Structures are given as C-alpha cells and as structure tokens.
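Residues per chain, in single letters:
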Amino acid sequence: MSKSLEGRLAVVTGASRGIGYFTALALAKRGAHVIACARTVGGLEELDDAIKADGNGSATLVPMDLADMGAIDRLGGSIFTRWEKLDIMVANAAVLGVVSPLAHLEAKVFEQVMTVNVTATWRLIRSLEPLLLQSDAGRAVLISSGVAHTCRPFWGAYAASKAAVEAMGRTWAAETAHTAIKVTNFDPGRTRTAMRAQAAPGEDPMTLPHPSEVAEKIVPLVSPDFQESGKLFVSREDRLKDYRLPE
C-alpha cells in the first residue's frame, strides 16, 4: 500500500472501535502517525498492536473522555509542544443517546448527546485549528449522519446533534476558505457498528457495510491533494454533495 500520508500527523477521536478504529488504521497504513483518542484503553491498545503489525505507520494513544473539555484543550497543547502542527483531524466520536420521542427523553440523556457530539466537536475545532493552520494542507472530517437531514421520528437528540455538527463544519469551511484547511462533513450511512446495533437491534448486521469499507472513503478526503471544502460526502453514494437552501 502506498505511503501517501507518510509524515502526516492525524488526530482521530473514537478510535477504539468502529469507524474511528478503522479510520485510524487506514491512515496509519498510508504512513501517518495517528494520535488515537478514545475512552476504552483496551480498544486503543488493540489498535496500536494492529498498526505495529502492519508496519507502515505509528500511533500515540490518548485515553480521554470527550466530555472532559479540559482534556481536549490539553490535547491541543500537547500536540503543539511535541509537533507544533497537525495535518489531519477526524472528529468521529459520538453517542446515540436513546431512541425515544423527544418529549420523553431524560434531560441528562439529551445533554450527554449534545456535550459529546456537539460541544466536544466545537472544542476540538477550537483546540486544533491553530495546529491545522501550521500544516501545508490541513484536513478535517466531521462525521455526521443522514438523520441530520431526514430527522427520523424518535431520533431527535442524535439528529439535532448531527445537524449542529454539519452547521459547524460548513461555517468552519467558510471561515477557513482562504487558508490551507479543507473541511468535509461525512455521512457514513448505516454501518456495521455497535452504535447501529444499539439503534436497530433487529437488523441483520451482515447486510451493512463493514466500518473498514467506510474508513477507506475517508482517506482521500484527508489527503494533501484534496481541495474541496464545505461539502458533504455521502458514503453510500460515494460522492460529494453541495449544500442548498431549503426550497
């Protein structure tokens, strides 16, 4: 496999399993050094073993809870102290909450979804943008969801959080339009992950794409030669889409 990302430094959140795990592995296989962030230490250690076994890239493991905003700030400071820049950010970590009517959601569940999915993503942008600006080709991918647009019944908290993530991604892309940073919102679609199993327990997971397939579609979006910004990549359609105002 070509080392197309050799020398590039990448942060991937939610890297202990699912799409985050396989994205981190895919980037490392192209030669990147991956700063892998997640709460689950065991999953991070498994990722590190897989990266070492592959032999192309390397990893720094950062056990952290994205609900800890101070930890996100410290992450940016630590990266600056050691490397002084960042080339790639993949904001993948998220929680589903509970599939329930909006009016029946407990406040603590709604607040957790917003904290992890929205506030933590903003905090990552705030902490890591100065480092991405030091790169010759800073690339950011924010993981969204189709429910940000379909607003499925009973998925209100998650849908609202992902709509907010997309709004931040579009805004950030516009704000950095005259820099080397390129920002992409990414809709993975239904994927064979633990979150999907939680959301749809009766679904046959073998009918869904494996997260490694989805991760491979993220790789081109963080490559230095990728020049689009402020668009939505829809994995199931394998293409970028423009945003339009409501009609």
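Residues numbered from 1 in each chain as written. Predicted model: local features only at pLDDT ≥ 70, side-chain atom pairs only at ≥ 80, totals over all residues. Heavy atoms only, no water.

### Some remarks on the packing of helix α3 (residues 69-82) against helix α4 (residues 107-132)
1) Next: Remark: α3 packs on α4, axes separated minimally by 9 Å, with the N-to-C direction vectors making an angle of 20°. Classified by the angle their axes make, α3 and α4 are roughly parallel. Read as a crossing pair, α3 and α4 show a hand that is right-handed. Counting all contacts with α3, which are made through M69, I72, D73, L75, G76, I79 and F80, the residues of α4 involved are T115, T119, A120, R123, L124, R126, S127, L128 and L131. (Axes fitted to C-alpha atoms, helices over the stretch in contact; angles between N-to-C directions. Helix = DSSP H or I, 4+ residues; strand = E, 2+ residues; numbered from the N terminus. Parallel < 35°, antiparallel > 145°, perpendicular 65-115°, else oblique. Left-handed = near helix turned anticlockwise from the far one by under 90°. Contact = heavy atoms within 4.5 Å.)

### Description of the environment of R30
1) Next: Within the secondary structure layout, R30 lies in the loop between α1 (18-29) and β2 (33-38).
2) Next: Along the chain, R30 and K3 lie 27 residues apart, while their C-alpha atoms are 4.2 Å from each other.

### Section: the UniProt feature "domain: Ketoreductase" (unreviewed entry) in the chain
1) Next: UniProt's entry tags residues 8-189 with the feature "domain: Ketoreductase" (unreviewed entry), counted in the numbering of this structure.
2) Next: Here residues 8-189 is 49% helix and 18% strand, with 27 Å between the C-alpha atoms at its ends. (UniProt positions renumbered as here; feature names shortened; annotations may be inferred.)

### So, the pairing of strand β3 (residues 58-63)
1) Next: Alignment of β2 against β3, held across six bridges, turns out to be parallel. In the sheet register, A36 faces β3, and the bridge partner there is L61.
2) Next: The handedness of the β2 to β3 crossover, carried by helix α2 (residues 41-54), is right-handed. (Pairing = 2+ DSSP bridges. Right-handed = clockwise from strand over helix to strand, strands pointing away.)

### Some thoughts on unusual backbone geometry
1) Next: Phi is positive for E84, close to 70°, though the residue is something other than glycine.
2) Next: Positionally, E84 belongs in the loop between α3 and β4 (88-91).
3) Next: With a phi close to 55°, D238 is a non-glycine residue in the positive phi region.
4) Next: Position of D238 among the secondary structure elements: in the loop between β7 (231-234) and β8 (239-241).
5) Next: D238 gets classed as partly exposed once you look at its relative accessible area, which sits at 48%. (Buried < 20%, exposed > 50% of the residue type's maximum accessible area, 1.4 Å probe, protein only.)

### Overview of the packing of α1 against α2
Each pair of packed helices can be summarised by the angle the axes make with each other and by the distance between the axes.
1) Next: Running from N to C, α1 and α2 cross one another at 25°; their axes reach a closest spacing of 10 Å. Between α1 and α2, the crossing angle belongs to the class labelled roughly parallel. Between α1 and α2 lies a crossing whose hand is right-handed. Where α1 abuts α2, its residues Y21, A24, L25, A28 and K29 lie against G43, E46, L47, A50, I51 and D54.
2) Next: When grouped by side-chain class, the residues that make up the contact of α1 with α2 number seven nonpolar, one polar and three charged. (Nonpolar A, V, L, I, M, F, W, Y, C, P; charged D, E, K, R; others polar.)

### Digging into the environment of I19
1) Next: Note on placement: I19 falls in helix α1.
2) Next: For I19, a relative accessible area of 10% corresponds to the buried category.
3) Next: The sequence separation of I19 and P188 amounts to 169 residues, and the corresponding C-alpha distance is 8.6 Å.

### Quick look at the pattern of salt bridges
1) Next: Enumeration according to the criterion identifies 13 salt bridges in this entry.
2) Next: Across the salt bridge formed by D68 and R74, the nearest N and O atoms sit 3.6 Å from each other.
3) Next: Overall, R74 belongs to the exposed group, its relative accessible area being 51%.
4) Next: Close ionic contact of D187 with R236 constitutes a salt bridge, the shortest N to O distance being 3.0 Å. You can see D187 sitting in strand β6 (residues 182-187) and its partner R236 sitting in the loop between β7 and β8, a full 49 residues away along the chain.
5) Next: Look at D187 and you get buried, because its relative accessible area is 3%. (Salt bridge = Lys/Arg side-chain N within 4 Å of Asp/Glu carboxyl O.)

### Digging into the packing of aromatic side chains
The geometry of two aromatic rings is summed up by the distance between their centres and the angle between their planes.
1) Next: Taken as a whole and assessed by the stated rule, the structure comprises three aromatic pairs.
2) Next: Ring geometry for W155 and Y158: centres 6.2 Å apart, planes at 65°, overall edge-to-face.
3) Next: Classification of W155 as buried rests on a relative accessible area of 10%.
4) Next: Centroid distance F186 to F233: 5.5 Å. Interplanar angle 5°. Geometry classified as stacked. Taken together, the positions of F186 in strand β6 and F233 in strand β7 put the pair 47 residues apart, joining distant regions of the chain. Take F186 and F233: they sit in the same class, and that class is buried. (Phe/Tyr/Trp six-rings, centres within 6.5 Å; stacked < 30°, edge-to-face > 60°.)

### So, the layout of surface pockets
1) Next: By volume, the second largest pocket amounts to about 300 Å³.
2) Next: Lining of the second largest pocket is provided by 13 residues; of these, H149, L232, K241, D242 and Y243 occupy positions nearest its centre.
3) Next: Elements with a minimum of two residues in the lining of the second largest pocket: α5 (147-150), β7 and β8.
4) Next: Here the lining of the second largest pocket is built from residues that sort into three nonpolar, three polar and seven charged. (1 Å grid on protein atoms, 1.4 Å probe; cavity = no way out; pocket = protein on both sides within 12 Å on 5 of 7 lines; lining within 4 Å. Points joined across faces, edges and corners; volume = space filled by probe spheres on them.)

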